Amino acid sequence: MATTAIPGAIPARGPVEDNYLTHSSGFWSWAATLDHKRIGVMYLISILLMFFVGGMAATAIRIHLMVPQGLLFSHDTYNKFFSVHGIIMVFLVIIPGVPAALGNFVLPIMLGAKDVAFLRLNLISYYMYVTGALLAIYTLAMGGVNTGWTFYTPYSTSSQSVGLVSIVTAAFILGFSSIFTGLNFIVTIHKLRPPGMSWFRLPLFLWAVYATAIIQVLATPVLGITLLLLIVEKTLHMGIFDPKLGGDPVLFQHFFWFYSHPAVYIMILPAMGVISEIIAVHSRKHIFGYKMIAFSSIAIAIFGFLVWGHHMFTSGQSQLMNMIFSALTYSVSIPSAIKVFNWLATIYRGSLQLNTAMLYGLGFIFIFMIGGLTGLFLGALAVDVHLQDTYFVIAHFHYVMMGSAILAFVAGIHHWWPKITGRMYNENWGRIGWALIFIGFNGTFLPQFVMGTQGMPRRYAQYIPMYQPYHVASSVGAIVMALGFLFTAFYLLHSLYRGRKAPANPWGGATLEWACSSPPPHDNFAFPPPVTDPYDYSNLVYDEKIGGYVPRAPQPGTPTPAPATVGH
Amino acid sequence: MATVHPEVHGDADEHGHPPYLHHHFETPVQQFESDKMGMWLFLATEILLFGGLFCFYSVWRHNHPDVFEYAHQFLNKKFGATNTIVLIFSSFTMAWSIRAIQQGKRVLCAVLLVLTLMCAATFMVIKFFEYKAKIEHGLLWGPRYHPHHEGAEGEAAAATTPGGAVQVPMSQPGAAAQQAPGHDLAAAEANKGSVSATSVARQPQIAESTQEDHTSSIPQQEKPAAGENMGAPPTQIDKTTVADTTAKAGGEAKAGENALKTMVKGQVTAAGTQTPAQPLATGSTQLAATVGPPGVLSEPVPPQFTYPSTVKVEPSKIKPAAIPPAGMADGTVKESEFGPEPKNVQTFFAIYFAMTGLHGIHVLIGMIVITIMLVQVLRGKYNAQYWTPVDLTGLYWHIVDLIWIFLFPLLYLIR
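Residues numbered from 1 in each chain as written. Chains lettered and ligands numbered in written order. Predicted model: local features only at pLDDT ≥ 70, side-chain atom pairs only at ≥ 80, totals over all residues. Heavy atoms only, no water.

**Q** Is there a simple way to think about the overall build of chain B in this case?
**A** Counting its secondary structure elements, chain B contains 14 helices and 2 strands. Counting all 415 residues of chain B, 53% fall into the buried class. In chain B, the proportion of contacts linking residues at least 24 apart, taken out of those at least 6 apart, comes to 78%. When the accessible surface of chain B is split by element, carbon and sulfur atoms take 66% of a total near 17,700 Å². (Helix = DSSP H or I, 4+ residues; strand = E, 2+ residues; numbered from the N terminus. Buried < 20%, exposed > 50% of the residue type's maximum accessible area, 1.4 Å probe, protein only. Contact = heavy atoms within 4.5 Å. Areas by Shrake-Rupley, 256 points an atom, 1.4 Å probe, with all protein chains shown as cover.)

**Q** When you look at the pairing of strand E1 (residues 540–543) of chain A in this model, what are you seeing that I'm missing?
**A** The side chains of a regular strand alternate, first on one face of the sheet and then on the other. Residue and element names in this part refer to chain A. Pairing geometry for E1 and strand E2 (residues 548–551), over 4 bridges, is antiparallel. Looking at the pairing, Asp-543 lines up with Gly-548 of E2. Joining the antiparallel neighbours E1 and E2 is a turn of 4 residues, in which Gly-547 adopts a positive phi near 70°. (Pairing = 2+ DSSP bridges.)

**Q** Explain the interface of chain A and chain B to me, please; I cannot follow it from the model alone.
**A** Interfaces are often described in size by the accessible area the parts lose on coming together. On the chain B side, the residues contacting the 40 residues of chain A number 41 residues. Together chain A and chain B conceal approximately 3,500 Å² of surface at their shared face, both sides included; 74% is due to carbon and sulfur atoms. Its largest share of buried area at the contact with chain B, chain A owes to Lys-191, Met-238 and Lys-244 of chain A, together 18% of the area lost on that side. For Glu-33 of chain B, the salt bridge identified is with Lys-191 of chain A, shortest N-O distance 3.7 Å. Applying the counting rule to chain A against chain B returns 5 residue pairs in polar contact (both at pLDDT 80 or more). At the level of secondary structure, the elements contributing two or more residues to the side of chain A that touches chain B comprise helix H4 (119–141), helix H6 (164–191), helix H7 (204–236) and helix H8 (249–283) of chain A. At 9 residues, the largest contribution of residues to the side of chain A that touches chain B is made by H7 of chain A. Residue composition of the side of chain A that touches chain B, by class: 27 nonpolar, 6 polar and 7 charged. (Buried area = accessible area lost by both parts, 1.4 Å probe. Salt bridge = Lys/Arg side-chain N within 4 Å of Asp/Glu carboxyl O. Polar contact = N/O pair within 3.5 Å; in protein donor to acceptor, adjacent residues only side chain to side chain. Nonpolar A, V, L, I, M, F, W, Y, C, P; charged D, E, K, R; others polar.)

**Q** When you look at the packing of H8 of chain A against helix H9 (residues 290–304) of chain A in this model, what are you seeing that I'm missing?
**A** A pair of packed helices can be characterised by two numbers: the angle between their axes and the separation between those axes. All names here are of chain A. Contact geometry of H8 with H9 gives a least axis separation of 9 Å together with a crossing angle of 170°. Classed by the angle they form, the pair H8 and H9 counts as roughly antiparallel. Residues His-261, Pro-262, Tyr-265, Leu-269, Met-272 and Ser-276 of H8 pack against Ile-293, Ser-297, Ile-300, Ala-301 and Gly-304 of H9. When its residues are assigned to classes, the contact of H8 with H9 shows 7 nonpolar, 4 polar and no charged. (Axes fitted to C-alpha atoms, helices over the stretch in contact; angles between N-to-C directions. Parallel < 35°, antiparallel > 145°, perpendicular 65-115°, else oblique.)

**Q** Hey, could you run me through the environment of Glu-544 of chain A in this one?
**A** On the secondary structure map, Glu-544 of chain A appears in the loop between E1 and E2. Along the sequence, Glu-544 of chain A and Asn-505 of chain A sit 39 residues apart, while their C-alpha atoms lie 12 Å from each other.

**Q** What am I meant to see in the environment of Phe-128 of chain B here?
**A** Residue and element names in this part refer to chain B. Along the chain, the position of Phe-128 falls in helix H4 (residues 106–136). Assessed through its relative accessible area of 48%, Phe-128 is described here as partly exposed. Separated by 232 residues in sequence, Phe-128 and Gly-360 have C-alpha atoms that sit 9.9 Å apart.

**Q** Help me understand the packing of aromatic side chains in this model?
**A** By convention here, two paired aromatic rings are described through the distance between centres and the angle between planes. Following the criterion strictly, the structure yields 63 aromatic pairs over all chains and no others. Measuring from centroid to centroid gives 6.1 Å for Phe-487 of chain A and Phe-490 of chain A, while their planes differ by 35°, and the two rings are tilted. A residue pair is termed a helical-turn pair when its members lie 3 or 4 positions apart in one helix, as Phe-487 of chain A and Phe-490 of chain A do in helix H15 (residues 468–498) at 3 residues. Each ring, one from Phe-408 of chain B and one from Tyr-412 of chain B, has its centre 5.4 Å from the other, and the planes form 40°; the classification is tilted. (Phe/Tyr/Trp six-rings, centres within 6.5 Å; stacked < 30°, edge-to-face > 60°.)

**Q** Even after reading the chapter, I still don't get the nonpolar core, so can you show me in this structure?
**A** Phe-91 and Phe-151 of chain A together with Phe-348 and Phe-349 of chain B are the most contacted members of the largest nonpolar core, which has 242 residues in total. When near neighbours in sequence (up to four residues on either side) are disregarded, Phe-348 of chain B contacts Val-67, Phe-68, Ala-71, His-72, Leu-75, Leu-411 and Ile-414 of chain B. (Core = buried A, V, L, I, M, F, W, Y, C linked by side-chain atoms within 4.5 Å.)

**Q** Looking at this structure, I do not really get the packing of helix H1 (residues 28–63) of chain B against helix H14 (residues 388–412) of chain B. What am I missing?
**A** Residue and element names in this part refer to chain B. Interhelical geometry of H1 versus H14 gives an angle of 15° and a closest axis separation of 10 Å. One finds that H1 runs roughly parallel with respect to H14. Considering only the axes of H1 and H14, their crossing is right-handed. Here the residues of the contact of H1 with H14 are counted per class, giving 18 nonpolar, 1 polar and 5 charged. (Left-handed = near helix turned anticlockwise from the far one by under 90°.)

**Q** Even after reading the chapter, I still don't get the side chain of Ser-326 of chain A, so can you show me in this structure?
**A** Residue and element names in this part refer to chain A. Note on placement: Ser-326 falls in helix H10 (residues 319–347). The exposure class of Ser-326 is buried, given its relative accessible area of 7%. Sequence-distant contacts of Ser-326, defined by excluding residues within four places in its chain, comprise Phe-313, Gly-379, Ala-380 and Leu-381.

**Q** Is there a simple way to explain the side chain of Asn-122 of chain A in this structure?
**A** Residues and elements named next belong to chain A. With respect to the helices, strands and loops of the structure, Asn-122 is situated in helix H4. Residue class for Asn-122 comes out buried when judged on its relative accessible area of 0%. Among the polar contacts made by the side chain of Asn-122, one reaches the side chain of Asn-104 at a distance of 2.9 Å. Dropping the residues within four chain positions of it, Asn-122 is found in contact with His-36, Ile-39, Asn-104, Val-116 and Asn-184.

If you want it as structure tokens, here you go:
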């Protein structure tokens, strides 16, 4: 199927169907696999299952808030629901989402490598993820926690909820899973690049994953020790964070946000990488400002370490600290804006293919701009005092973490779905699903900005009736969005059975994964593939017969300047 | 590590690759460099993991230098120094063993690995005795901090502490934490003099170990008082503990406050005169005398308490901008043979146990890994061509060693 003439790609080493999915079979061929693609697929399935659980919790919260007195839960149950939603979405869905699932699958192929550097470590980090997920579900079954995902002391140390130790242990294990994934990716990108794959020929997704991996390696250990100390505090009453025992609860906040603010960039950077790929490929145009996008990823990673204090403007920091952190916070917006401008410049005069992945990509730019710009409000000291702990904050970080990071994850799933599964989904269904999610998302969170500015506090199980119209709008939006996700799950699963077989290069991407067959063979490449500009689409033409792009020149190595007539 | 791996080893498989080369690497050099970089990155995460603890240490040391200067005296410098030497020596044997395997000297490498293991074991044994001594003297963290140093009551208290300390319920935070010998007496006498018949009935028992359950409920009032001194609002905890105390003493709510007042007075006197540790009976008499008759003590506690000018206490190093939570309030009010005891000494031991405990776990993990290396070396898995795992184990072992080299002066050699 769709054998291309790219040297280095081994579309078939025998029967056509020999790919990573059919290379071997049986339970252990998956459970004990060292193949990065299978590990990536297992990550993808696990993460989507957890996304379903977290999404159900979110929908239940929104339904509960349709009436001022609350519709569904007691107050404590409500607390547990939003805690479960936060913990699952942050630690089990968004943080591992793009890097561990899509990154694991795509990174070595994009790089032209056979696999990641440490095969067993990769599998170990997957099983650490599974362990963490099971512990989280166990906690959920045993009654949950009501601390929120931040585990702030002294509330968490004095909280009566029984599940705190197990959920914090889960987060600790997940943290190390994340560290090992990041470590693996850094070494892979440094050491496993084939000849010709210089740093500036790396696809931008890899730059983004690389920047993410640096954060994962450098920030997550601090979360590790923080959670470890929290466990010790809770079980042995160590007196480190608990003021009753002489500890300092604000120190916990410092430690926590020293990780968790960079963690925001662990979530958004790989999402930006996905978008850089999608925008370029589906605009059929060379990415604008390659180096600026690449360096802005690194800049975001560096700046991300310096701004954690902006979560603590109202926690009793000195005014000087607040001012420094506020100023540094603004500095992060510069590399973020550089990316947005470059994407817009890429789209400008491109030949846009408005398929599902591209719609998610365009939606990302829109949503991320709102999410990013409202972040500036919260970075401003005086405004933040008013908006702290209101729905404005909720709306802001959902625009960034949900509307940007998760929708970019979904965009990536659509973009690489043919590569991962070897099947094409129905584009029109995809567009409908995107429209439902996009409209539902904005319907959910735009009203929350308004509520927040009017003073509706976050995490309240009840509210005064003046906020009800906004809450109802928000809840209706959430339900529309939930239906959109269910529909998306339906047509993606449908495509596995009914979808037409995917060509090697359905979108016309120039990065190396599109040079492999769909799905890729077990070893990716028999020998290191020739590396060209990852955003030069001039040598690819659309072939009606196979429904995908094929190289124009018989010898793709020859530098024939081709007219830019591609684009369908 | 300038040793060059040969491109092709004798036992080549069908690809012409040496047997230790994984299929996704092109050359042994690439594999070696990847492994080494991965290990360095892992070590970076290790440093950051400990970095959180070092950061915690720095913040506390900066805010409460008196706690560190006081509490570090309880650490055994000889044990610490011995352990430092042992670990540095083990790093030397580890490095030498890597050199040996690089030169193909398997027996020498195995011997050196055994030496390294023995050093590690020595370290852990010494650590065990250190911990044992700390536990016996009640020098523990949080509510389990219940020191009893040398002196008249030392042995009796030492015998009862492990059980007693563990039973302190969390509803009485810091109950045991704020104890010191002289202070026990002050509290006991104050309570006896002012409050209740119960304590009078117990008077004969004061000199015995059973005083603990009686006194431990009183001094927690001192914490609220100190919190008010620092300008922090009284917390809910304060109220509950005061009430709790009162209930235990069998008196009225007001009587609890009286006891508090009395206690503070007694302590200040003790500290102000720099009274050295005294035998039990003498101390109690003296302190009881300073307390005065019960009738004087009926006035409520003044919220703005300041130390008399006679008290030779280092003023708090806390800047006004960073008002600490009530429990963190600082001030020297207690006395032991090691000098006036500042508040929240238990936090030093929390740091001590957290840092050395995490380090000890790393030593144990290192011992396991070195054992695996030893077995593999004896099996002949490593040779002059392929010794990467031994090398990486050495890197890990050096970082464990290095962390101890920082821990030793930071914890043992303060001043």
